[in-house]
Amino acid sequence: MLIAIGLFLLAGLAEIGGGYLVWLWLRESKPLWYGLAGGLTLIIYGIIPAFQAFPSFGRVYAAYGGVFIILAVLWGWLVDKKTPDLYDWAGAVICLAGVSVMLWAPRG
């Protein structure tokens, strides 16, 4: 379970970090290498979920979506300095509950 969580976190940071670098390049006129580094990071993001032990591609990506939402709220708070409100946190908790059901529900 710790490996699964670690891979979800690593994939989320790669996706958000890569997207952020591309954002900075295109929206804030940072140098081209920001965009290239962001693109490379996004390629790495695409590879990381393949190391998950879960057999279903769709289930892994659906569950990852919930983790991504939580990481995005935290990124906005810590990097963009936008304090999440009650609804941001409530939505993130709901997503985390959904992810938990999808990944660890007993299936026969």
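Here, residues in each chain are numbered from 1, in the same order as that chain's written sequence. Restriction of local features to residues with pLDDT of at least 70 applies here, the model being predicted, together with a cutoff of 80 or more for giving and counting side-chain atom pairs; totals for whole chains, interfaces and linings are based on all residues. Only hydrogens and water are removed before side-chain values are computed, so all heavy atoms of the structure are retained for them.

UniProt positions are given in the numbering used here, feature names are shortened, and annotations may be inferred rather than shown by experiment. For the record of the protein, the UniProt heading Sequence similarities (unreviewed entry) holds the text "Belongs to the UPF0060 family."

A.B. asks: For the layout of surface pockets, give the residues involved together with the corresponding values.
C.D. replies: As defined here, a cavity is a set of points on a 1 Å grid over the protein atoms alone where a 1.4 Å probe fits but cannot get out. A pocket is an open set with protein on both sides within 12 Å along at least five of seven lines, and residues line them when an atom is within 4 Å of a point. Grid points are joined across faces, edges and corners, and a volume is the space filled by probe spheres set on the points. Size it by volume and the largest pocket reaches roughly 170 Å³. Under the DSSP-based scheme used, a helix requires at least four consecutive residues in state H or I and a strand at least two consecutive residues in state E, with every element numbered from the N terminus. Taken together, the elements giving at least two residues each to the lining of the largest pocket come down to α1 (2–27), α3 (57–78) and α4 (86–104). At five residues, α4 tops the list of elements feeding residues into the lining of the largest pocket. Three categories are distinguished: nonpolar for Ala, Val, Leu, Ile, Met, Phe, Trp, Tyr, Cys and Pro, charged for Asp, Glu, Lys and Arg, and polar for the others, with Gly belonging to the last. When its residues are assigned to classes, the lining of the largest pocket shows 10 nonpolar, one polar and no charged.

A.B. asks: Break down α1 for me, citing the residues and quoting the values.
C.D. replies: Across its 26 residues, α1 extends 36 Å between first and last C-alpha, which sits within 8% of the 38 Å expected from 1.5 Å per residue. Where α1 is concerned, the buried positions are Ala4, Leu7, Phe8, Ala11, Gly12, Ala14, Ile16, Gly17, Gly18 and Leu24. Note on contacts: a residue pair qualifies if any of its non-hydrogen atoms lie within 4.5 Å across the two residues. Next to the buried residues of α1 lie α2 (32–47), α3 and α4. Given a helix with a known number of residues, its expected span is that number minus one, times 1.5 Å. Here the term buried applies to any residue with accessible area under 20% of the maximum for its type, exposed to any over 50%, and partly exposed to those in between, with areas from a 1.4 Å probe on protein chains only.

A.B. asks: Now, about a nonpolar patch on the surface: what can you tell me, with residues and values included?
C.D. replies: Only residues whose relative accessible area exceeds 30% and that form no salt bridge enter a patch; like-charged residues are grouped when within 9 Å of one another, and nonpolar side chains (Val, Leu, Ile, Met, Phe, Trp, Tyr) when within 5 Å. Only the protein chains shown count as covering a residue, and every accessible area follows the Shrake-Rupley method with a 1.4 Å probe. One side-chain nitrogen of Lys or Arg within 4 Å of one carboxyl oxygen of Asp or Glu is enough to make a salt bridge. Judged by side-chain polarity, Met1, Leu2, Ile5, Leu9 and Trp104 come together as a nonpolar surface patch covering roughly 550 Å² of accessible area. When residues of the nonpolar patch are assigned to their parent elements, the largest contribution, three residues, is made by α1. Checked against the element boundaries, Met1 lands in the segment before α1.

A.B. asks: Would you mind going over the packing of α1 against α2 in detail, with residue names and values included?
C.D. replies: Working note: a packed helix pair is described by the angle between its axes plus the distance between those axes. Orientation of α1 relative to α2, taken along the N-to-C sense of each, is 155°, at an axis distance of 7 Å. As judged from the angle between their axes, α1 and α2 are roughly antiparallel. Crossing handedness for the pair α1 and α2: left-handed. Mapping the contact onto sequence places Ala11, Ala14, Glu15, Gly18, Gly19, Leu21, Val22, Leu24 and Trp25 in α1 and Leu32, Tyr34, Gly35, Ala37, Gly38, Gly39, Thr41, Leu42 and Tyr45 in α2. For the contact of α1 with α2, the per-class residue count stands at 11 nonpolar, six polar and one charged. Every axis corresponds to a line fitted to the C-alpha atoms, with the helix fit spanning only the stretch in contact, and the corresponding angles, defined between N-to-C directions, vary from 0 to 180 degrees. Roughly parallel refers to an angle under 35 degrees, roughly antiparallel to one over 145, roughly perpendicular to one between 65 and 115, and oblique to any angle outside these ranges. Definitions for this section: a left-handed crossing has its near helix turned counterclockwise from the far helix by less than a right angle. A right-handed crossing has that turn clockwise.

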